[in-house]
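# Coordinate inspection notes
The residues making up each chain are set out below.
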Amino acid sequence: MNTQITSAEEILKAAQKILLEHGASALNMRAVAAACGVSVGSIYNYFPSKSALIGATIESVWTEIFRPFTSRCYTSFDDAATALLAALADGEGRYPGFFSLHALSFASGDKAEGRARMAQHFSALHGKLVEALENDTRIRAGVFDGDLSRGSFVRYVMSLAISQQIHPGGSSAALLAMIRNCIY
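Figured I'd write up the structure that's included with this text. (Residues numbered from 1 in each chain as written. Predicted model: local features only at pLDDT ≥ 70, side-chain atom pairs only at ≥ 80, totals over all residues. Heavy atoms only, no water.)

### Observations concerning the overall build of the protein
Scanning the protein from terminus to terminus reveals 9 helices and 0 strands. Relative to its full complement of 184 residues, the protein shows a buried share of 43%. Long-range pairs, those at least 24 residues apart, make up 73% of the contacts in the protein with a sequence separation of at least 6. Of the roughly 9300 Å² of accessible surface on the protein, 54% is carried by carbon and sulfur atoms. (Helix = DSSP H or I, 4+ residues; strand = E, 2+ residues; numbered from the N terminus. Buried < 20%, exposed > 50% of the residue type's maximum accessible area, 1.4 Å probe, protein only. Contact = heavy atoms within 4.5 Å. Areas by Shrake-Rupley, 256 points an atom, 1.4 Å probe, with all protein chains shown as cover.)

Set out below in structure tokens:
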């Protein structure tokens, strides 16, 4: 086997491909090493354990899915929510079952690491959506007075958007209509 050193990016691309084509159960150090044409030891130079490799792979998928959403600035919550739902749908199309799979991909001792990685991405999404609410001049007066804050509204929207991916049958159009009816 070729022991030529590869890069972390090449390793993650190979791991993403295995995840996409064969599922999380096929994602292991040997499979990734074979896909990269390097020794297993070369993979361990970049990822000290299988859980570190899986965590980094899942994080790279989250980054890939949400980069189009997080790289834009939104002046309308409607536009931001539409873009988020499009990113989720695109992600589900490229990585079928990923949203329901990612939490299950960590061994019981590694679930905290997986949740922490997911929380980082959710925090960025949350911040982008709150920013869109703050920039949106069309929001009806009084919507965020009292018990409903912008932050809690965004958490509800994100929960529904993610839930829609995990439990198929939801409608992006219905979620967008609910958002519009609530804030405009």
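There's more to say after this.
### Topic: the pattern of salt bridges
This model, assessed by the stated rule, comprises 5 salt bridges. The closest approach of N and O atoms between E64 and K13, which form a salt bridge, is 3.7 Å. One end of the pair, E64, is in helix α4 (residues 50–70); the other, K13, is in helix α1 (residues 8–22), and 51 residues separate them in sequence. Salt-bridge contacts for D78 lead to R180; the nearest nitrogen and oxygen are separated by 2.9 Å. (Salt bridge = Lys/Arg side-chain N within 4 Å of Asp/Glu carboxyl O.)

### A short note on the packing of helix α5 (residues 77–94) against helix α9 (residues 172–183)
Between α5 and α9, the shortest axis-to-axis distance is 11 Å and the interhelical angle comes to 160°. Relative to α9, the element α5 is oriented roughly antiparallel. When the axes of α5 and α9 are compared, the crossing they make is right-handed. In this structure, α5 uses F77, D78, A81, T82 and L85 to contact α9, whose residues at the interface are S172, L175, L176, I179, R180 and I183. (Axes fitted to C-alpha atoms, helices over the stretch in contact; angles between N-to-C directions. Parallel < 35°, antiparallel > 145°, perpendicular 65-115°, else oblique. Left-handed = near helix turned anticlockwise from the far one by under 90°.)

### Let's talk about the environment of V130
Among the structural elements, V130 can be located in helix α7 (residues 111–135). Given the relative accessible area of 15%, V130 is considered buried. Through-space distance from the C-alpha of V130 to that of S152 is 9.5 Å; in sequence the pair is 22 residues apart.

### Things to note about the nonpolar core
Ranked by internal contacts, the top residues of the largest apolar core, which has 52 residues, are F66, F69, F77, F98, I179 and I183. For this core, the secondary structure elements donating two or more residues are α1, α2 (29–36), α4, α5, α6 (98–101), α7, α8 (150–166) and α9. Excluding its chain neighbours within four sequence positions, the residues that come into contact with I183 are F77, L133, R138, I139, R140, V143, F144 and F153. (Core = buried A, V, L, I, M, F, W, Y, C linked by side-chain atoms within 4.5 Å.)

### A few points about the packing of aromatic side chains
Taken as a whole, this structure holds 5 aromatic pairs when the rule is applied. Relative to F122, the ring of W62 has its centre 5.5 Å away and its plane inclined at 85°; by these criteria the two rings are edge-to-face. One end of the pair, W62, is in helix α4; the other, F122, is in helix α7, with 60 residues separating them in the sequence. A network of ring pairs unites the aromatic residues W62, F66 and F122 as a single cluster. We note R138 situated over the ring of Y184; from NZ or CZ to the ring centre the distance is 4.3 Å. (Phe/Tyr/Trp six-rings, centres within 6.5 Å; stacked < 30°, edge-to-face > 60°. Lys NZ or Arg CZ within 6 Å of the ring centre and 35° of its normal.)

### Describing α8
Structural remark: α-helix, 3.6 residues per turn; residues separated by three or four positions point the same way. Compared with the 24 Å implied by 1.5 Å per residue over 17 residues, the 24 Å span of α8 between its first and last C-alpha is a close match. Residues of α8 that are buried include every one of G151, S152, F153, V154, V157, M158, A161, I162, Q164 and Q165, and no others. (Expected span 1.5 Å × (residues − 1).)

### Notes on the side chain of Q164
Within the fold, Q164 resides in helix α8. For Q164, the contacting residues outside a window of four places in its chain are L85, G170, S171, S172 and L175.

### Details of the layout of surface pockets
Empty space among the atoms becomes apparent when a probe as large as a water molecule is rolled across them. In this model, the largest pocket occupies a volume close to 170 Å³. Lining the largest pocket, in full, are E9, L12, K13, Q16, S60, T63, E64 and R67. Broken down by secondary-structure element, the contributors of at least two residues to the lining of the largest pocket are α1 and α4. (1 Å grid on protein atoms, 1.4 Å probe; cavity = no way out; pocket = protein on both sides within 12 Å on 5 of 7 lines; lining within 4 Å. Points joined across faces, edges and corners; volume = space filled by probe spheres on them.)

### Re α9
With 12 residues, α9 ought to run about 16 Å at 1.5 Å a step, and its terminal C-alpha atoms sit 17 Å apart, in line with that. Residues L175, L176, I179 and I183 constitute the buried set of α9. Buried residues along α9 cover an arc of 100° about the axis, so they all sit on one side. Seen from the buried face of α9, the exposed residues on the opposite side, beyond 90 degrees, are A173 and N181. (Arc of directions from axis to C-beta.)

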